[in-house]
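Descriptive structure summary
Here is what each chain is made of, one letter per residue.
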Amino acid sequence: MAGYSMGGLMLRYAIGVLGKAGFFDQVEPLLFVSLATPHLGACHPPSTLFGRGYDYLCSRVLSRTGEQLQLLDTFDSKLPILAVLADPNREYFQYLAQFKARRVYANIVNDRTVPYCSAALEAQDDFHDGIQHLAISCDTTYPSIVADVHPADSKQKQKKKKKNKNFYQKLKRFGKKTLRFTIYATAPLWFPPAAVLVLSFIGIQCLLSRLRLAMLDPDRPFETVSTASSQDERQYLLGTTTASWSPQQKDDEKQPFRSDRQPLTSIQLDMLHDLCQLEWDRVLVCIDSLNAHASMVCREKAFTNHGGRAAVRHFVDTTLASLSLASLS
């Protein structure tokens, strides 16, 4: 079973429903794969204006989905649905544990939709400040799949500087700067009408979604936001949420480049602790794209590039190999 983005969360929910109905009594669960899936929600670090704005709008204009991604909904026992999916005592976790292998694909950069920690099931984001200070080796067969990451030494930094001085790199940087300047300079002309149109469309769709939910569940037409989640959200937005637990305690000598930045809230860390009781294969993806989230699966022609094709090939090849091995064992 494989799911991309929100599809990975829907798949985890479906696994619990199918398992409870006896589906896996006849079908053996072999492999679960998620690609850029927000397993821990879509809360962005509050250190940036984009992160604060994204979280604020996501929870208010995307109807129930936005509340669920921000962990502000109350699904069962006054817990967010994502926390319920990660509960070891629930069927969603128990039937997921029956799969012989579980794999997650996560973008290390350029994914503006799903944070790295949420997709990779990691407590810390070593790539939040960019990858300029890191030496990243990619697979020779799949050029966008990260094979190794370690701190860049002085020679490697000098090599990167020399590489950035060639004509192509200079032209590429000049093009990006020109495009950015043009967008910012013309923003007063196009941003107000665009914002009105977009927010109006989203608002109408949100209202229609609420009405559909009310028709499906007349006794509870609107989900309420739990007090605990609200407090956690306020702490998160203020950057005051702290936690000392890490799902993968690694030796500092082996991982000297790990940062102290902790982007997860306490409820996310609890979910991570539960999910990390299972074994996960993590595949890190590095795609040079404006929207790596869409490029990872070549979602549209506009987002299809060399890195995305490599990620898709890796998914297909390794999935077929994993299924063959699992069926033989």
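Residues numbered from 1 in each chain as written. Predicted model: local features only at pLDDT ≥ 70, side-chain atom pairs only at ≥ 80, totals over all residues. Heavy atoms only, no water.

Let us look at the pattern of salt bridges. If charged atoms from side chains of opposite charge come close, those side chains can pair. Tallying each qualifying case throughout the model produces three salt bridges. For Arg-90, the salt bridge identified is with Glu-91, shortest N-O distance 3.6 Å. One salt bridge in this structure joins Glu-122 and Arg-282, with 3.8 Å as the shortest N-O distance. Here Glu-122 is found in the loop between α6 (116-120) and β4 (134-138), whereas its partner Arg-282 is found in strand β6 (residues 281-285), with 160 residues between them in sequence. Judged by its relative accessible area of 7%, Glu-122 falls in the buried class. (Salt bridge = Lys/Arg side-chain N within 4 Å of Asp/Glu carboxyl O. Helix = DSSP H or I, 4+ residues; strand = E, 2+ residues; numbered from the N terminus. Buried < 20%, exposed > 50% of the residue type's maximum accessible area, 1.4 Å probe, protein only.)

A few words on the nonpolar core. Counting residues in each nonpolar core, the largest one holds 45 residues, and the members touching the most others are Ile-15, Ile-108, Tyr-116, Met-271 and Trp-280. Secondary structure elements with two or more residues in this core: α1 (6-20), α4 (81-85), α5 (91-96), β3 (101-107), α6, β5 (146-151) and α10 (266-275). Contacts of Ile-15, omitting those with residues within four sequence positions, involve Met-1, Phe-24, Phe-32, Tyr-95, Leu-96 and Phe-99. Formed by 14 residues, the second largest nonpolar core is a distinct cluster that contains Leu-31, Tyr-142, Val-285 and Ala-310. (Core = buried A, V, L, I, M, F, W, Y, C linked by side-chain atoms within 4.5 Å. Contact = heavy atoms within 4.5 Å.)

Right, let's talk about α1 for a bit. Over its 15 residues, α1 extends 22 Å from the first C-alpha to the last, a length consistent with the 21 Å expected when each residue adds 1.5 Å. Along α1, the positions that sit buried rather than exposed are Gly-8, Leu-9, Leu-11, Arg-12, Ile-15, Gly-16 and Gly-19. An end-on view of α1 places all buried positions within 160° of arc, on one side of the element. Across α1 from its buried face, at more than 90 degrees, point the exposed residues Met-10 and Lys-20. Residues of α1 that are buried make contact with β1 (2-4), β2 (31-35), α3 (63-69), α4, α5 and α10. (Expected span 1.5 Å × (residues − 1). Arc of directions from axis to C-beta.)

Here we come to α10. For an α-helix the count is 3.6 residues per turn, leaving residues at separations of three or four pointing the same way. Of all the 10 residues making up α10, seven are buried; the element is thus mostly covered by neighbouring parts of the structure. All buried positions along α10 are accounted for by Ile-267, Gln-268, Leu-269, Met-271, Leu-272, Asp-274 and Leu-275.

With that settled, consider the UniProt feature "transmembrane region" (unreviewed entry) in the protein chain. Mapped onto this structure's residue numbering, the UniProt feature "transmembrane region" (unreviewed entry) falls at residues 181-204. End C-alpha to end C-alpha, residues 181-204 measures 33 Å, and it is 100% helix and 0% strand. (UniProt positions renumbered as here; feature names shortened; annotations may be inferred.)

As a further point, take the side chain of Asn-305. For Asn-305, the location among the structural elements is in the loop between α11 (292-295) and α12 (306-328). Overall, the relative accessible area of 18% leaves Asn-305 in the buried class. Of the polar contacts made by the side chain of Asn-305, one reaches the backbone nitrogen of Gly-307; its length is 3.3 Å. Only 2.7 Å separates the side chain of Asn-305 from the backbone nitrogen of Gly-308, close enough to count as a polar contact. In this view, Asn-305 contacts Ile-287, Asp-288, Ser-289 and Ser-295; residues no more than four positions away in its chain are not counted. (Polar contact = N/O pair within 3.5 Å; in protein donor to acceptor, adjacent residues only side chain to side chain.)

This paragraph deals with the packing of aromatic side chains. Using the criterion set out here, one finds 10 aromatic pairs in the structure. Taking the centre distance of 5.3 Å and the plane angle of 20° together, the rings of Tyr-13 and Tyr-92 count as stacked. Taken as a pair, Tyr-13 in helix α1 and Tyr-92 in helix α5 lie far apart in primary sequence, 79 residues in all. Overall, the relative accessible area of 34% leaves Tyr-13 in the partly exposed class. Residue Tyr-92 is classed as buried on the basis of its relative accessible area, which comes to 6%. One aromatic cluster is present, built from ring pairs that chain together Phe-23, Phe-24, Phe-32, Tyr-95, Phe-99 and Trp-280. (Phe/Tyr/Trp six-rings, centres within 6.5 Å; stacked < 30°, edge-to-face > 60°.)

A positive phi angle, close to 50°, is found at Ala-36, a residue other than glycine. With respect to the helices and strands, the residue Ala-36 is situated in the loop between β2 and α2 (49-61). Assessed through its relative accessible area of 0%, Ala-36 is described here as buried.

Attention shifts here to the sheet that holds β6. Here we have four strands laid out as an open sheet, ordered β1-β2-β3-β6, and parallel in their pairing. The strands lining the two open edges of the sheet, one partner per strand, are β1 and β6. Pairwise comparison of adjacent strand axes, ignoring direction, gives a mean angle of 15° for this sheet. Looking at chain direction, β1 and β2 are connected through three bridges and run parallel. Along β2, the bridge assignment pairs Tyr-4 with Leu-35. (Pairing = 2+ DSSP bridges. Axes fitted to C-alpha atoms, helices over the stretch in contact; angles between N-to-C directions.)

Note on placement: Asp-73 falls in the loop between α3 and α4. A relative accessible area of 0% places Asp-73 in the buried class. Here Ile-81 takes part through its backbone nitrogen, which lies 3.0 Å from a polar atom of the side chain of Asp-73.

This part is about the environment of Gly-41. Residue placement: Gly-41 occurs in the loop between β2 and α2. Here Gly-41 falls in the buried class, since its relative accessible area comes to 0%. Placed 28 residues apart in sequence, Gly-41 and Leu-69 show a C-alpha to C-alpha distance of 4.4 Å. Apart from the residues within four sequence positions on either side, Gly-41 is in contact with Leu-69, Leu-82, Pro-115 and Ser-118.

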